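Working through the structure, step by step
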Amino acid sequence: CYVGRPDNPSFVGSEPLGDLADRIWRSVGPSGRNKDYLYQLAESVRKLAPASFDSHLFALEVRLASRF
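Residues numbered from 1 in each chain as written. Predicted model: local features only at pLDDT ≥ 70, side-chain atom pairs only at ≥ 80, totals over all residues. Heavy atoms only, no water.

As enumerated under the stated definition, the model contains 1 aromatic pair in all. Where Phe53 meets Phe58, the ring centres are 4.9 Å apart and the plane angle is 55°; that geometry is what we call tilted. With relative accessibility at 63%, the residue Phe53 sits in the exposed group. Among the residues examined, Phe58 registers a relative accessible area of 8% and is labelled buried. A cation over a ring is seen here: Lys35 above Trp25, with NZ or CZ 3.7 Å from the ring centre. (Phe/Tyr/Trp six-rings, centres within 6.5 Å; stacked < 30°, edge-to-face > 60°. Buried < 20%, exposed > 50% of the residue type's maximum accessible area, 1.4 Å probe, protein only. Lys NZ or Arg CZ within 6 Å of the ring centre and 35° of its normal.)

Take a look at the structure:
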């Protein structure tokens with residue numbers, strides 16, 4: 001299990017869902033676009049743990065998908 005820590009230079013902290021969605025939409029890292037990572041993560045959670053529901057992750061997914 002990964003937990004973001006405040007001593008990580010990339011740690012943003014808590015921010016409103018819309019602001020976080022905007023940051024994810026714009027951000028690109030060494031492995032590619034953050035929005036693609038979020039979409040793949042949401043899909044993986046659905047496939048690997050169908051009984052689980054991560055409301056924050058899925059709300060971000062909806063926010064990003066509605067940008068089209």
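The next thing to look at is the nonpolar core. Soluble, globular proteins show a tendency: their nonpolar side chains are buried together. One finds Leu20, Ala21, Ile24, Leu38, Ala42, Val45, Leu57, Phe58, Leu60 and Leu64 forming the largest nonpolar core, which totals 10 residues. Counting residues per element, the ones that place at least two in this core are helix 1 (17–26), helix 2 (34–48) and helix 3 (55–65). What Leu60 contacts, discounting residues up to four positions off in sequence, is Leu17, Leu20, Ala21, Ile24 and Leu38. (Core = buried A, V, L, I, M, F, W, Y, C linked by side-chain atoms within 4.5 Å. Helix = DSSP H or I, 4+ residues; strand = E, 2+ residues; numbered from the N terminus. Contact = heavy atoms within 4.5 Å.)

Every buried residue of helix 3 is listed here: Leu57, Phe58, Leu60, Glu61 and Leu64. For helix 3, the angular spread of the buried residues around the axis is 155°, confining them to a single face. (Arc of directions from axis to C-beta.)

Counting across every chain of the model gives 6 salt bridges. Residue Arg67 pairs with Asp22 through a salt bridge whose shortest N-O separation is 2.4 Å. Of the two residues, Arg67 is situated in the segment after helix 3 and Asp22 in helix 1; the sequence distance between them amounts to 45 residues. Overall, Arg67 belongs to the partly exposed group, its relative accessible area being 40%. Residues Arg33 and Asp36 are paired through a salt bridge, measuring 2.7 Å at the closest nitrogen-oxygen approach. Relative accessible area serves as the criterion here: at 43%, Arg33 is assigned to the partly exposed category. (Salt bridge = Lys/Arg side-chain N within 4 Å of Asp/Glu carboxyl O.)

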